[in-house]
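Understanding the architecture of this molecule
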Amino acid sequence: MFFLFRNIIFLFAMMLLLMSCDKNAKHLNEANTLFNEGVELRNQHFTDAAAGKFATALFEINKCKKQDSTTLSLKANIEDNFGAMCWKHDLFTEAFDLHKDAANIFENIKDTAMYAVALRNCGRVANSMGNKNLAKQFYNEAINIANSLNDNEISGEMYLEYGRDIFMENSEYSKAIDYISTAMRKGADSILCHMALGLTYYYMYDDADAEKHLLLALKSDKAGVKLSCYQTLSYIEQSKKNLTKAIEYQQLFIENMLISDNEKNNENILKIKSEYDLKMQQQQFKSEQKIFLLRLVASISSVIIILLVIIYLSRQKTLKKQIEIEQMKNQINSAMKRNKVYVTALSLSEKITSDTLNFTLNDNDWNDYIQLVDTIDNDFSKTLLNIYPTLNNNDLHICCLVRQGFSNKVVSILVGMNNTSLARRKWRIKQDKMNGDNEKRNFDEIIYQLNINNL
């Protein structure tokens, strides 16, 4: 009798073990399928749909109780790719946490090549967050590992990013040229390397070398790359007083700007389609998700009730203030819609066409705009002039547009220059009129971080 009972217990334990293995295998296979689908969508530039796939894949892989090297490797790859999608959507904190966790996993399972890639991705996000020193630490470590592996493909990409996104942005042009040149020798994308070198030489006022690399970069079939090259070449020809050639490049710049906008519109259409396809595919997971949601709702229902009570009480206290704010917003919006500079900037932000590019602005338009910005932003221009008294009217135009969050493309069109010239103009304003030698922040950070209420 004892032996019979023992055998029954053993068989029952084996059945539980087999069921557990089947569940692990199911979750692992599902996660792997979703990850591969996400990679394919990412390669097609459907970032939203890819992010959805990676998020669902991460949800599945976290259900696996067995944490062997295969499971951990897949989890790290999912996190690293999901982090890249978050970074593209400016979710920097989430992206950094995902890349950092992926790097830790790759290090533990001794996947050195992927460890280097994850570290590079950490550096990329740290740079976007404005932490240049932390970004340099991650890039240096990643490059050292890639070099030790003799992996020119990975290290070439890293040298290019390091030179272009770190050193060139920080005006460390000599280091930028060294790193980008190294990237080219290692086989990185020659078009991107030539464009980066062309812009770097241009910022160094070496127009001859800049022109040489920019002309090589024009071999690209991408409108965005040609857009930047034509802008810079137009300015170089202007500095050489070759106005005919400068106008030709400017015309090509406008043509490629329109092409670039059309490409973005087509991408938006494909993006909507991919999101619809993703929703249809997610219907397959409804059954399991319903069980999970029911348990989740049961566990947090009391918390929701408490939160609703708190929200209700808080809303009663702030309702009057919200009404006042809404009335103020309506007044501001009404005034904005009557200002020619703002209306023109808004139309350019929505779509750049030959019609929206056909505008003229006089001194009265700009004076009204600056007064309007002062009204809604606590005398922003006056405070700015008190701090930096050497700023002129044209400088104030740029400062006010940047303060209101308009893109470099819109600002450059409104003030009558190309993107590269605008970047140089900002740099000169900062250096000559904003204590450039002692100021660590860039021009946009100075404008954004000017706290009127504390001055």
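The structure presented is a predicted model; accordingly, all values stated were derived computationally and were not measured.

**With respect to the overall build of the protein**
A count of helical and extended segments in the protein gives 20 helices and zero strands. In the protein, which comprises 455 residues, the share counted as buried stands at 40%. For the protein, the proportion of contacts with a sequence separation of at least 24, taken over those separated by at least 6, is 60%. Entry remark: accessible area of the protein is about 26,500 Å², with carbon and sulfur atoms responsible for 54%.

**What to know about the packing of aromatic side chains**
Given two aromatic rings, one states the distance between the centres and the angle between the planes to describe the pair. Applying the stated criterion across every chain, the model contains 13 aromatic pairs. An angle of 70° between the planes, with centres 5.9 Å apart, marks the rings of Phe 96 and Phe 138 as edge-to-face. Of this pair, Phe 96 sits in helix 4 (residues 92–108) while Phe 138 sits in helix 6 (residues 132–148), placing them 42 residues apart in sequence. Summarising the burial analysis for this pair, Phe 96 and Phe 138 share the class buried.

**Focus on helix 8 (residues 173–185)**
Between the first and last C-alpha of helix 8 there are 18 Å, a value that for 13 residues agrees with the 18 Å anticipated at 1.5 Å per step. Considered for burial, the residues of helix 8 that qualify are Tyr 173, Ala 176, Ile 177, Ile 180, Thr 182 and Ala 183. In this fold, the buried residues of helix 8 make contact with helix 7 (152–167) and helix 9 (190–203). Downstream of helix 8 by a residue or two, Gly 187 has a phi angle that is positive, lying close to 95°.

**Structural notes on the state of the cysteines**
In the structure shown here, the tally under the stated rule is zero disulfides. Of all cysteine sulfurs, the one in Cys 399 lies closest to Cys 400, which takes part in no disulfide; the gap is 6.9 Å.

**Remarks on the confidence of the model for the protein**
Across the protein, pLDDT averages 80, with 78% of residues at or above 70. In this model, residues 1–5 is a region of pLDDT below 50 whose contacts with residues beyond four sequence positions or in other chains number zero contacts. Across residues 265–280, where pLDDT falls below 50, the model places nine contacts with residues more than four positions away in sequence or in other chains.

**A closer look at unusual backbone geometry**
If you check the backbone angles, Asp 90 has positive phi at about 65° while not being a glycine. Mapped onto the elements of the fold, Asp 90 is located in the loop between helix 3 (69–88) and helix 4. Positioned with a positive phi, Asn 150 is a non-glycine residue whose angle comes to about 55°. Mapping Asn 150 onto the fold places it in the loop between helix 6 and helix 7. Asn 150 sits in the exposed class, given a relative accessible area of 64%.

**Comments concerning the side chain of Asp 365**
As for its placement among the helices and strands, Asp 365 is situated in helix 15 (residues 363–376). Of the side chains with opposite charge, Lys 340 comes closest to the buried, unpaired Asp 365, at an N-O distance of 4.3 Å. Once residues within four sequence positions are removed from consideration, Asp 365 is found in contact with Asn 339, Lys 340, Val 341 and Thr 360.

**Notes on the pattern of salt bridges**
Summed over all chains, the structure comprises 18 salt bridges. Note that Arg 120 is salt-bridged to Glu 157, the shortest N-O span being 3.7 Å. Residue Arg 120 is located in helix 5 (residues 112–128), and its partner Glu 157 is located in helix 7; the two are separated by 37 residues in the primary sequence. By relative accessible area, which is 38% here, Glu 157 ends up partly exposed. We note a salt bridge from Glu 161 to Arg 120, for which the minimum N-O separation is 3.5 Å. Of the two residues, Glu 161 sits in helix 7 while Arg 120 sits in helix 5, which places them 41 residues apart along the sequence. Per residue, the accessibility class of Glu 161 equals that of Arg 120, and both read buried.

**Regarding the environment of Ala 102**
Here Ala 102 is to be found in helix 4. In this structure the C-alpha to C-alpha distance between Ala 102 and Leu 72, which are 30 residues apart in sequence, comes to 9.1 Å. Not counting residues within four places of it along the chain, the set of residues in contact with Ala 102 comprises Ala 76, Glu 79, Asp 80 and Ala 118.

**With respect to the packing of helix 7 against helix 8**
The angle between the axes and the distance between the axes are what describe a pair of packed helices. Between helix 7 and helix 8, whose axes approach to 7 Å, the crossing angle comes to 160°. It follows from the interaxial angle that helix 7 and helix 8 lie roughly antiparallel. The chirality of how helix 7 crosses helix 8 is left-handed. Listed contacts from helix 8 to Gly 156, Tyr 159, Leu 160, Tyr 162, Gly 163, Arg 164 and Phe 167 of helix 7 are Lys 175, Ala 176, Tyr 179, Ile 180, Thr 182 and Ala 183.

**Remarks on helix 11 (residues 223–239)**
The end-to-end C-alpha distance of helix 11, which contains 17 residues, comes to 24 Å, matching closely the 24 Å that a straight helix rising 1.5 Å per residue would cover. Among the 17 residues in helix 11, 12 count as buried, and that is most of the element. Phi turns positive, to about 60°, at Lys 241, one or two residues after helix 11.

**Focus on the environment of Val 125**
In this structure, Val 125 sits in helix 5. For Val 125, a relative accessible area of 0% gives the class buried. Once residues within four sequence positions are removed from consideration, Val 125 is found in contact with Trp 87, Phe 92, Ala 95, Phe 96 and His 99.

**A look at the side chain of His 99**
Tracing the sequence through the fold places His 99 in helix 4. What makes His 99 buried here is its relative accessible area of 2%. Polar contacts involving the side chain of His 99 include one to the side chain of Asp 80, which spans 2.7 Å. When residues no more than four places from it in sequence are discounted, the contact partners of His 99 are Asp 80, Gly 83, Ala 84, Ala 118, Asn 121, Cys 122 and Val 125.

The rules we used
Residues numbered from 1 in each chain as written. Predicted model: local features only at pLDDT ≥ 70, side-chain atom pairs only at ≥ 80, totals over all residues. Heavy atoms only, no water. Helix = DSSP H or I, 4+ residues; strand = E, 2+ residues; numbered from the N terminus. Buried < 20%, exposed > 50% of the residue type's maximum accessible area, 1.4 Å probe, protein only. Contact = heavy atoms within 4.5 Å. Areas by Shrake-Rupley, 256 points an atom, 1.4 Å probe, with all protein chains shown as cover. Phe/Tyr/Trp six-rings, centres within 6.5 Å; stacked < 30°, edge-to-face > 60°. Expected span 1.5 Å × (residues − 1). Disulfide = S-S within 2.5 Å. pLDDT = per-residue confidence, 0-100. Lys, Arg positive; Asp, Glu negative; His and termini not counted. Salt bridge = Lys/Arg side-chain N within 4 Å of Asp/Glu carboxyl O. Axes fitted to C-alpha atoms, helices over the stretch in contact; angles between N-to-C directions. Parallel < 35°, antiparallel > 145°, perpendicular 65-115°, else oblique. Left-handed = near helix turned anticlockwise from the far one by under 90°. Polar contact = N/O pair within 3.5 Å; in protein donor to acceptor, adjacent residues only side chain to side chain.

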